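Here is how the chains run, residue by residue.
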Amino acid sequence: LRLASLSELESFIFWLNFLIESSKSDFDYYEILGANRTDTPEEIKQKYKDLSLKFHPDKAKSALSEDMMKQVNEAYAVLRDVDKRRQYDSELDSKW
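Within any chain, residue numbers begin from 1 and follow the written order of that chain's sequence. Where totals are concerned, whole chains, interfaces and linings use all residues; where local detail is concerned, this predicted model gives features only for residues with pLDDT of at least 70, and gives and counts side-chain atom pairs only at 80 or more. Here the side-chain values reflect all heavy atoms present in the structure, with hydrogen atoms and water set aside.

Remarks on helix H5 (residues 82–95)
Just so we agree on the cut-off: Here a helix means four or more residues in a row that DSSP labels H or I, a strand means two or more in a row labelled E, and each is numbered from the N terminus. What a helix is expected to span follows from its residue count: subtract one and scale by 1.5 Å. The buried label applies to any residue whose accessible area, calculated with a 1.4 Å probe on protein chains only, is under 20% of its type's maximum; exposed applies above 50%, and partly exposed to all values in between. Along the arc lie the directions from the helix axis toward the C-beta atoms. For this analysis, residues touch if any pair of their heavy atoms sits within 4.5 Å. What qualifies as a polar contact is a pair of N or O atoms within 3.5 Å, subject to a donor-acceptor requirement within protein and to the restriction that residues adjacent in sequence count only when both atoms come from side chains.
When the terminal C-alpha atoms of H5 are compared, their 20 Å separation across 14 residues agrees well with the 20 Å that a helix rising 1.5 Å per residue should span. Buried within H5 are the following residues: Arg85, Tyr88, Asp89 and Leu92. On an axial view of H5, the arc spanned by its buried residues comes to 100°, and they lie on one face. Residues Asp83, Arg86 and Ser94 are exposed on H5 and point more than 90 degrees away from its buried face. On its buried side, H5 packs onto helix H2 (29–33), helix H3 (41–55) and helix H4 (65–79). Two or three places before aspartate 83, at the start of H5, stands the capping residue aspartate 81, its side-chain oxygen 3.0 Å from that residue's backbone nitrogen.

Written out as structure tokens, the structure is:
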């Protein structure tokens with residue numbers, strides 16, 4: 001794997017850490033966005049925006065950026081919607 005910049009290396013490390021953590025536990029939308037369950041919708045939106053800027057395939061020219069953006073978008077689609085987030089939170093609670 002050849003990385004052309006520090007930004008690509010950071011993206012690769014972030015994604016690698018995410019994959020390692022995901023293999024240890026169930027897939028968690030909060031982890032993807034770097035958010036907590038207590039974060040407000042505005043905080044979640046800001047974290048989404050930050051990740052979108054960092055991993056957008058047009059900006060982060062790494063091979064993994066497209067996959068990372070898909071995961072970030074999927075997580076945000078659930079956590080930005082009040083009803084979907086409530087349902088997701090209750091599913092997380094039932095797993096424990």
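Quick look at the environment of serine 52
Residue placement: serine 52 occurs in helix H3. Among the residues examined, serine 52 registers a relative accessible area of 13% and is labelled buried. The residues contacting serine 52, other than those within four sequence positions of it, are Met69 and Val72.

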